[in-house]
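Residues per chain are reported as follows:
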Amino acid sequence: MDGDALGSLGWLYLILEKLGKNVKAINDEAIPEAFSFLWVNTIIEPTLDIQEFKPDIIISLDAASPEQLWNTYIKNKELFDTNQFIVIDHHITNDWFGNLNIIDPKMSSTCEFVYYILQELNLDQHVDSKIATLLLTGINTDTNIYYNANTTYETFLAAAELFKLWGDQRQIANELFKKKAEESVTINETKEATPKDSEPNNLTTNSPTANEPVLEAEVVEEKVEPAKPVYNYNVGDKVFWT
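Predicted, not measured: the structure shown is a model, and the values here were computed from it.

Trainee: For helix H6 (residues 129-143), give the residues involved together with the corresponding values.
Mentor: A rise of 1.5 Å per residue sets the reference length of H6, with its 15 residues, at 21 Å; its end C-alpha atoms lie 21 Å apart and thus fit the reference within 8%. The buried count for H6 comes to twelve of 15 residues, which makes it a mostly enclosed element. Taken together, the buried positions of H6 are occupied by Ile 131, Ala 132, Thr 133, Leu 134, Leu 135, Leu 136, Thr 137, Gly 138, Ile 139, Asn 140, Asp 142 and Thr 143. Downstream of H6 by a residue or two, Asn 144 has a phi angle that is positive, lying close to 55°.

Trainee: I'd like a rundown of unusual backbone geometry, residues and numbers included.
Mentor: One non-glycine residue with positive phi stands out, namely Asn 144, at about 55°. Within the secondary structure, Asn 144 sits in the loop between H6 and helix H7 (153-164).

Trainee: An account of the pattern of salt bridges is needed here, citing residue identities and associated values.
Mentor: Summed over the entire model, instances satisfying the criterion amount to five salt bridges. Close ionic contact of Lys 24 with Glu 45 constitutes a salt bridge, the shortest N to O distance being 3.4 Å. Note that Lys 24 is positioned in strand S1 (residues 22-25) and Glu 45 in the loop between S1 and helix H2 (50-53), a separation of 21 residues in sequence. On the accessibility criterion, Lys 24 (22% relative accessible area) is partly exposed. The class for Glu 45 is partly exposed, based on a relative accessible area of 30%.

Trainee: Could you give me a rundown of the environment of Leu 12, with the residues and numbers involved?
Mentor: By the secondary structure assignment, Leu 12 is in helix H1 (residues 3-18). With relative accessibility at 5%, the residue Leu 12 sits in the buried group. With 47 residues separating them in the primary sequence, Leu 12 and Ile 59 have C-alpha atoms 9.4 Å apart.

Trainee: Can you tell me about the side chain of Gln 169, naming the residues and giving the values?
Mentor: Here Gln 169 is to be found in helix H8 (residues 169-184). A polar contact of 2.8 Å, which involves the side chain of Gln 169, links it to the side chain of Asn 140. In this structure Gln 169 touches Leu 136, Asn 140, Tyr 146 and Phe 163, once residues within four positions along its chain are discounted.

Thresholds applied
Residues numbered from 1 in each chain as written. Predicted model: local features only at pLDDT ≥ 70, side-chain atom pairs only at ≥ 80, totals over all residues. Heavy atoms only, no water. Helix = DSSP H or I, 4+ residues; strand = E, 2+ residues; numbered from the N terminus. Expected span 1.5 Å × (residues − 1). Buried < 20%, exposed > 50% of the residue type's maximum accessible area, 1.4 Å probe, protein only. Salt bridge = Lys/Arg side-chain N within 4 Å of Asp/Glu carboxyl O. Polar contact = N/O pair within 3.5 Å; in protein donor to acceptor, adjacent residues only side chain to side chain. Contact = heavy atoms within 4.5 Å.

Okay, structure coming up:
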C-alpha cells in the first residue's frame, strides 16, 4: 500500500462525508507505519461486512486490476458485478474492470487525477488542509518528490493549488523522505589510524592525522517491494471502498 492509494482513500472518505454520504472504507492490507501521520487507519474497517452494508456504489481508486483488490473483491465478486462499480486510476496497465472507468495514464498519480476531478465537479471548495495533505502525499510518493519522469507541468500546478489550501508539504517530506534517508545512512567508526612509520612526518597529505578516527559513510540501499494499492469506495447514499 503506497501513499497514492492512501491519499486517494482519505480524500474520497472526507469529501463524501462532507457531502452527507454514508461512507465506509475497507482494505485487506495493513497501513505501513510510515504513513501513520495521515491518520487514515482511523477510518478503515478491515472486518466490514460489505454484504450487510449493501452499498449503492463501489469505487476503486489506484488499482490497475481486480486482483489488486484482494479478498475484498474475491469474497464479494457478485456484489461488484451487480452494483455500480467505478474505477478511477492512472496506471497505463489498467484493464478497465469497472462498469464505469475513469482512467488517465498521463497523470502522475491518482491523487493528481482526483484533484482535477474535484475541480471539474466544483468540489475543490471542500478541500481543507487535511485533504490537501492527503492528495499531496500521493503526488509526492508517486513522483518521488517531483523527480520521476511522470512529473509534468500539470503536476506542479496541482501541487501549487494544494499548497495554497495548506497542504503540509514539509511534514510529508520529513516523514516519508528525510527520515528514511537518515535511517539509510550509517556512520561506521573504524579503528584509530596509525602511521606506518613511527615518525609523524611520514604521513602523506591524504592520510589521517595520527590518533584521528577515520569515518566511513556507508549508504545502505533498501529494497522496496512494489506497492499494492487497493481501495474501493462507494459513492451513493451509501458509499464503500477498499
